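Secondary and tertiary structure notes
Chain by chain, the residues:
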Amino acid sequence: MKKLFTQYCRLALALSLIMSASPSSALASQNGAINHTISQKSSSSRSTAKPRPNADRFMVAVGKASYYATRFHGRTTANGETFDMKEFTAAHRSLPFGTIVRVTNLNNGKMVFVKINDRGPFKKNRIIDLSKAAAKKLDLVDNGIGRVKIEAYN
């Protein structure tokens, strides 16, 4: 429990740091495909930038989420980390590794922040694969999949 709390605090801290950074320019099409360009900003401009509502959000998509757990626990993810189903992480097809994503379950309004550290999902009709900890927080474990909104931040 303490480890989960620590991970959640780290994600919250990372998000607060990210929220003060300048946004990347991006367009999200209606089908959830992402076209993004990452602009290189100096670290000095990031510390002086004033956050605006939704200024750092660069992608929003709605679709189905699933989760992966026991079978992949302990394996190496696409970015080289070891997958831990008890951490708040996720797999996405195209978002850069380290991107913080807010995932909201549209059926119950529950929300969680996850860090992208893997590639997937490999099912055509899904937009994100969550770790078991994130799926549990969203109440998706029993059904296995659920309708979610994802908002990516840089």
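Look a little higher up for the structure.
Described below are features of the structure shown in this document. (Residues numbered from 1 in each chain as written. Predicted model: local features only at pLDDT ≥ 70, side-chain atom pairs only at ≥ 80, totals over all residues. Heavy atoms only, no water.)

This next bit is on the packing of aromatic side chains. One pass over the full model with this rule turns up two aromatic pairs. Measuring from centroid to centroid gives 5.6 Å for Tyr68 and Phe72, while their planes differ by 80°, and the two rings are edge-to-face. Its relative accessible area of 10% is what places Tyr68 among the buried residues. Ring geometry for Tyr68 and Phe83: centres 4.5 Å apart, planes at 10°, overall stacked. One end of the pair, Tyr68, is in strand β3 (residues 57-68); the other, Phe83, is in the loop between β3 and β4 (89-91), with 15 residues separating them in the sequence. Looking at Phe83, the relative accessible area reads 3%, which means it is buried. Taken together, the aromatic side chains of Tyr68, Phe72 and Phe83 make up a single cluster linked through ring pairs. It is Arg119 that lies over the ring of Phe97; its NZ or CZ is 4.2 Å from the centre. (Phe/Tyr/Trp six-rings, centres within 6.5 Å; stacked < 30°, edge-to-face > 60°. Buried < 20%, exposed > 50% of the residue type's maximum accessible area, 1.4 Å probe, protein only. Helix = DSSP H or I, 4+ residues; strand = E, 2+ residues; numbered from the N terminus. Lys NZ or Arg CZ within 6 Å of the ring centre and 35° of its normal.)

With that settled, consider the pattern of salt bridges. Applying the stated criterion to the full structure yields three salt bridges. In this structure, the salt-bridge partner of Lys110 is Asp139, at a minimum N-O distance of 2.6 Å. With Lys110 in the loop between β5 (100-105) and β6 (111-118) and Asp139 in the loop between α3 (132-137) and β8 (145-153), the pair connects residues that are 29 residues apart, well separated along the chain. By relative accessible area, which is 37% here, Lys110 ends up partly exposed. For Asp139, a relative accessible area of 43% translates into the label partly exposed. (Salt bridge = Lys/Arg side-chain N within 4 Å of Asp/Glu carboxyl O.)

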